[in-house]
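# Per-entry structural report
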Amino acid sequence: MQNMESSEEPLLNFVFAFGKAHMSNKSQRPDQDPEIVVLYCQHGLRDEAKGSAWYQESAGLSVRAEMMPCSSKIEVSHILKLLESGADAVEVVACPEKSCKYLVGSLRAERRIEYIRGLLEKIGYAPQRVGISHKLSQSPEQLIDLARARADAVRPFGVNPMKKGE
Amino acid sequence: MKMFVGSNLERRLAAGHFAVTAEVGPPRGPDPADVKKKASILRGVADAYNVTDNQTAVVRMSSVAASKILLQEGLEPVMQIVCRDRNRIAIQSDLLGAWALGMRNVLCLSGDHQSAGAGGKLKGHPGAKNVYDIDSIQLISVVKGLRDGAIQEGGDSISPAAPFFIGAAWTPLSPPEKFRIIRLAKKINAGANFIQTQAVYDIKRFAEAVRRAEDMGLTDRAAILPGIIVPRSAGMLKYMNANVPGIEVPEDLIRRMKDAADPKIEGIEVTLELIDAVKNLSGIKGVHLQAIEAEELLPDIIRSAGLLPRPRIY
Amino acid sequence: MIFAEWKPLDELIDKLKTHKKVLLVGCATCVAECAAGGEKEVETLAPLLRMALKKRDHSVEIVTATLEKQCEWEFIEQLAHQVTEVDAIMSIACGIGVQALAERFDPITVYPGVNTSALTIREEAGLWATRCAACGDCILGETFGYCPVARCAKSLLNGPCGGTRKDGKCEVNGDVDCIWNLIVERADERGQLESLSEFKKAKDWSNSRHGGPKRVIREDLRQ
């Protein structure tokens, strides 16, 4: 029998960590700052950066970034769980189609993002809460900028309904 | 030639005359007056009149009821039966009832799938369960059993036998073309006595198909009546060419209708030319005319084609 | 495989909203193969449902499990403890699995989360197509490996109706090949077109659902 608790995904620990960090940081940040998770392909970030998971606050938003071996490894369930645990939006940074080292990886990611958008719409959440950019070799600041653009896209829809009542 | 049931249509064909059948669509309502109106328009212009059976899966007055009304009005029906809505039990039961009410000609069809009834302005019943217990060829065989063996499909007998003049459809030009002649043979082997075809516009290709049927001896065993639908516009022809499998309309015919000063009049001219062309094809024993929701055009067309009055059968 | 798809999410929310704690159960066999009810889909549907319920101000806890097969009692038994802690189950296995859970864990309500609709093959990634109609009277030996019962909209047995389009597709559904066109082509390729001129009589449907629900006993396997 398989169930969630025994999963081996390291990212799940990341999700829990994110949740915890969110709770502890709550008193230090204004409530309306959007929390964006960036999932980036390892080829999306230049070598000198940051390790596989990092957190950064910037003017008006907080960003939790996590590196993937390839954007095609991103599962629909993973992104939904990030949103379920309170992320206001998730931005996937995939490689441009022609540069994908796994050939069709970023195309697959694109399809999954579209699928998630459809699901969000069906349950009354803004489809803008998930997005994808195709970029190669970004600096950390550039990734933050992508997160900011996603935060701007999602701001009109307010805070993630999952955070209400906390 | 042995007479199966002696219907007007059968006797007309047996006499070697060029037969004329016309189509009458029952109303989307229960009023017999609608059927009587069409009957009064078409009285005397054809040897038998096809009454469709919930054509395109659109609910209309049943073909057995509408056929009975036609009969009462002095017109001989060809009762169409489709396999979509009724299983072999209901079909055989309806056949016995139809015979009791005076029906003598039937046309055996598979029937359009129920999804066809939902289209354009109509909601239809796309969610209905379909039946298709038997196919059209098995249906022909069932009717033959009731006629020649006084026997039901399952083996029980009926008493007395219920003789019908059995018809079937032929679509010589839809793919796979190589099989269409085999399918025609199967229908005739199963017991079909007359064949009405899908609408013909490409005489050359139709003639080729008929020649093949002749070579196989099929045109002697069953009377083939090509279907002709009166064209009303180039748009209508284009639509049918693109969307109705088995209807092939030559480019120059579409162009002709498009360039016509009055397409409605041109359409009648085209119809007359088609009737004349098929009349001259070896192996063709008559024609099946359809003027969709425009039955009033048929009497003049049939007259202009030199087919009126219908000759006496002695 | 047995093919199923999620019911509309609104329908699922509607059923779950009256409960306090629900067990969402998947199955790792057929429904996993058609991407509707496997572990991946359980892990996708659970957060989705939680988010949808939260938005509508329903507080429903959803816990999850995925069984190897939901049609085997030994696997179903593994849920016994979890079931005592919930007040409803939603199964995204096929109708067989839903009923197995309903039978074993009566009186708890078991909701279906999917609509089971066909017997299919995965033709390629993301594409499933009907193959079998479970008619109980298999004629594949005479139709060159193509089933007209399942793959012809009218289940014709004596060749195609007049509705084969020019591109070889079916007039009922333009996405679907006319299966009789395929049968004829293959017969012709093998020089056996003549075999299709044989009259196929009316089918005996009684060995399928049409004959009534089945209850089959194999004496050699009884205990």
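Starting from 1, residues in each chain are numbered consecutively following that chain's sequence as written. Each chain gets a letter, beginning with A, and each ligand a number, beginning with 1, in the order they are written. With pLDDT at 70 or above as the cut-off, local features in this predicted model cover only qualifying residues; side-chain atom pairs require 80 or more to be listed or tallied, and sums for whole chains, interfaces and linings still use all residues.

## Observations concerning the overall build of chain A
Selection rule: The helix count covers DSSP runs of H or I at least four residues long, the strand count covers runs of E at least two residues long, and both are numbered beginning at the N terminus. Neighbour density around each residue's C-beta defines its exposure: 20 or more other C-beta atoms within 10 Å make it buried, 12 or fewer make it exposed, and counts between make it partly exposed, where C-beta atoms are placed from the backbone. Here, residue contact means that the backbone-derived C-beta atoms of the two residues sit within 7 Å.
Across its full length, chain A carries 4 helices and 5 strands. Here chain A holds 166 residues, and the buried ones make up 42% of them. In chain A, 80% of the contacts between residues at least 6 apart in sequence involve partners at least 24 apart.

## A look at the interface of chain B and chain C
Put simply, the rule reads: When residue character is reported, Ala, Val, Leu, Ile, Met, Phe, Trp, Tyr, Cys and Pro are called nonpolar, Asp, Glu, Lys and Arg charged, and the others, Gly included, polar.
At the junction of the two partners, chain B supplies 26 residues and chain C supplies 25 residues. Those elements that provide at least two residues to the side of chain B that touches chain C are helix 5 (136–149) and helix 6 (177–190) of chain B. Sorting elements by how many residues they give to the side of chain B that touches chain C places helix 6 of chain B first, with 8 residues. Here the residues of the side of chain B that touches chain C are counted per class, giving 11 nonpolar, 9 polar and 6 charged.

## Describing the packing of helix 10 (residues 251–259) of chain B against helix 11 (residues 263–279) of chain B
Using the following cut-off: Axis definition: a line fit to C-alpha positions, over the contact stretch in the case of helices; interaxial angles, taken between N-to-C directions, run 0 to 180 degrees.
Across the interface, helix 10 of chain B lies against helix 11 of chain B with an axial gap of 8 Å and an inter-helix angle of 145°. The segment helix 10 of chain B lies against helix 11 of chain B, with L253(B), R256(B) and M257(B) engaging P263(B), E266(B), G267(B) and V270(B).

## Focus: the interface of chain A and chain C
On the chain C side, the residues contacting the 17 residues of chain A number 17 residues. Secondary structure elements with two or more residues in the side of chain A that touches chain C: helix 2 (76–84) and helix 3 (105–122) of chain A. Here the side of chain A that touches chain C gets 6 residues from one element, more than from any other, and that element is helix 2 of chain A. For the side of chain A that touches chain C, the per-class residue count stands at 10 nonpolar, 4 polar and 3 charged.

## Structural notes on the arrangement of the chains
For this structure, the chain pair with the highest number of contacts among 2 pairs of chains in contact is chains B and C. With no contact between them, chain A and chain B keep their nearest C-alpha atoms 24 Å apart.

## Concerning the pairing of strand 3 (residues 61–68) of chain A
Residue and element names in this part refer to chain A. The condition is simple: Here, any two strands with at least 2 DSSP bridges between them count as paired.
Of all 8 residues that make up strand 3, 7 are buried, and the element is covered over most of its length. By the bridge criterion, 7 bridges tie strand 1 (residues 35–41) to strand 3 in an arrangement that is parallel. Within the sheet, the bridge partner assigned to E35 lies in strand 3 and is S62. Direction of pairing for strand 2 (residues 53–58) relative to strand 3: antiparallel, over a ladder of 6 bridges. Looking at strand 3, one finds that A53 is bridged to E66. What sits between the antiparallel neighbours strand 2 and strand 3 is a turn of 2 residues, in which G60 has the positive phi angle 80°.

## Regarding the sheet that holds strand 4 (residues 105–109) of chain B
Residue and element names in this part refer to chain B. Pairing is parallel around the closed barrel formed by 8 strands, whose spatial order is 1-2-3-4-5-6-7-8. Put simply, the sheet's adjacent strands are angled 25° from each other on average, direction ignored. Examined bridge by bridge, strand 1 (residues 19–24) and strand 8 (residues 286–290) share 4 bridges and lie parallel to one another. In the sheet register, T21 faces strand 8, and the bridge partner there is H288.

## Things to note about the pairing of strand 1 of chain A
All names here are of chain A. Across the 7 residues that make up strand 1, a large majority, 7, are buried. Neither face of strand 1 is left uncovered, since the one carrying E35, V37, L39 and C41 and the one carrying I36, V38 and Y40 both have all their residues buried. Pairing between strand 1 and strand 4 (residues 89–94): 5 bridges, direction parallel. Paired with Y40 across the bridge in strand 4 is V93.

## Notes on the nonpolar core
Threshold: Core membership is restricted to buried Ala, Val, Leu, Ile, Met, Phe, Trp, Tyr and Cys residues, and these are joined into a nonpolar core through C-beta atoms within 7 Å.
Among the nonpolar cores identified, the biggest contains 87 residues, and Y49(B), C108(B), V143(B) and I195(B) are the most heavily contacted of them. The biggest single contributor to this core is helix 5 of chain B, with 6 residues. In this structure I195(B) touches G167(B), A168(B), W170(B), L184(B), A222(B), A223(B), I224(B) and L225(B), once residues within four positions along its chain are discounted. M68(A), A89(A), W6(C) and A52(C) belong to the second-largest nonpolar core, a separate cluster that totals 82 residues.

## A look at the sheet that holds strand 3 (residues 61–67) of chain C
All names here are of chain C. Judged by pairing direction, the sheet is parallel, and its 4 strands sit side by side in the order 3-2-4-5 without closing on themselves. Both outer strands of the open sheet, strand 3 and strand 5 (110–112), are each paired with one neighbouring strand and no more. For this sheet, the mean angle separating the axes of adjacent strands, direction not counted, is 25°. Sheet analysis places strand 2 (residues 21–27) next to strand 3, joined by 7 bridges and oriented parallel. From the neighbouring strand, V25 faces strand 3, where its bridge partner is A65. Against the sheet, helix 3 (residues 39–55) touches strand 2 and strand 3, its axis set at about 170° to strand 3.

## A word on the packing of helix 2 of chain A against helix 3 of chain A
Residue and element names in this part refer to chain A. Counted only if it meets this: With respect to orientation, any angle under 35 degrees is reported as roughly parallel, any angle over 145 as roughly antiparallel, any angle of 65 to 115 as roughly perpendicular, and every other angle as oblique. In a left-handed crossing the near helix is turned counterclockwise from the far helix by less than a right angle, and in a right-handed crossing that turn is clockwise.
Close contact between helix 2 and helix 3 brings their axes to 10 Å; oriented N to C, the two are set at 45°. By the criterion of interaxial angle, the relationship of helix 2 to helix 3 is oblique. Considering only the axes of helix 2 and helix 3, their crossing is right-handed. Here V76, I79 and L80 of helix 2 come into contact with helix 3, specifically with R112, Y115 and I116. Across the contact of helix 2 with helix 3, the residue classes break down as 5 nonpolar, no polar and 1 charged.

## Details of the environment of A66(B)
Checked against the element boundaries, A66(B) lands in helix 3 (residues 63–72). When residues no more than four places from it in sequence are discounted, the contact partners of A66(B) are P26(B), V35(B), V51(B) and M61(B).

## Structural notes on the confidence of the model for chain B
Basically, it comes down to this: Along the chain, pLDDT gives the predictor's confidence residue by residue, from 0 to 100.
Taken over all residues, the pLDDT of chain B has a mean of 96, while the share at 70 or more is 100%. Predicted complex, confidence summary: ipTM 0.93, pTM 0.91.

## Considerations on helix 3 of chain C
Along an α-helix, residues three or four positions apart point the same way, because every turn accommodates 3.6 residues. All names here are of chain C. Here is the rule: The span expected for a helix works out to 1.5 Å for each residue beyond the first.
Helix length check: helix 3, at 17 residues, gives a terminal C-alpha distance of 25 Å against a target of 24 Å (1.5 Å per residue), a fit within 8%. For helix 3, a buried count of 14 out of 17 residues is recorded, marking the element as mostly surrounded by other parts of the structure. Positive backbone phi, at 60°, marks D57, one or two positions downstream of helix 3.

## Things to note about the confidence of the model for chain A
Keep in mind that low pLDDT regions are not for reading the predicted coordinates in detail. Residue and element names in this part refer to chain A. When pLDDT is averaged along chain A, the result is 80; 75% of the residues meet or exceed 70. Helix 2 holds the highest mean pLDDT among the elements of chain A, 97, whereas helix 1 (residues 10–25) holds the lowest, 47. Contacts from residues 1–9, a stretch scored under 50 in pLDDT, to residues over four places away or in other chains number 11 contacts. Confidence over residues 12–29 falls short of pLDDT 50; this stretch has 14 contacts with residues more than four positions distant or in other chains.

## Looking at the environment of C30(C)
Within the element layout of this structure, C30(C) appears in helix 2 (residues 30–33). Dropping the residues within four chain positions of it, C30(C) is found in contact with M1(C), I2(C) and C94(C).

## Thoughts on unusual backbone geometry
Residues S159(B) and P160(B) are joined by a peptide bond in cis, for which omega reads -5°. Structurally, P160(B) can be placed in the loop between helix 5 and strand 5 (165–170). Non-glycine residue A134(C) carries a positive phi angle of around 50°. Relative to the elements of secondary structure, A134(C) occurs in the loop between strand 7 (127–132) and helix 7 (148–151). Overall, A134(C) belongs to the exposed group, with 12 C-beta atoms counted inside 10 Å. Of note in this structure, F144(C) is not a glycine but carries a positive phi near 55°. Judged by local crowding, F144(C) falls into the partly exposed class, with 18 C-beta atoms found within 10 Å.

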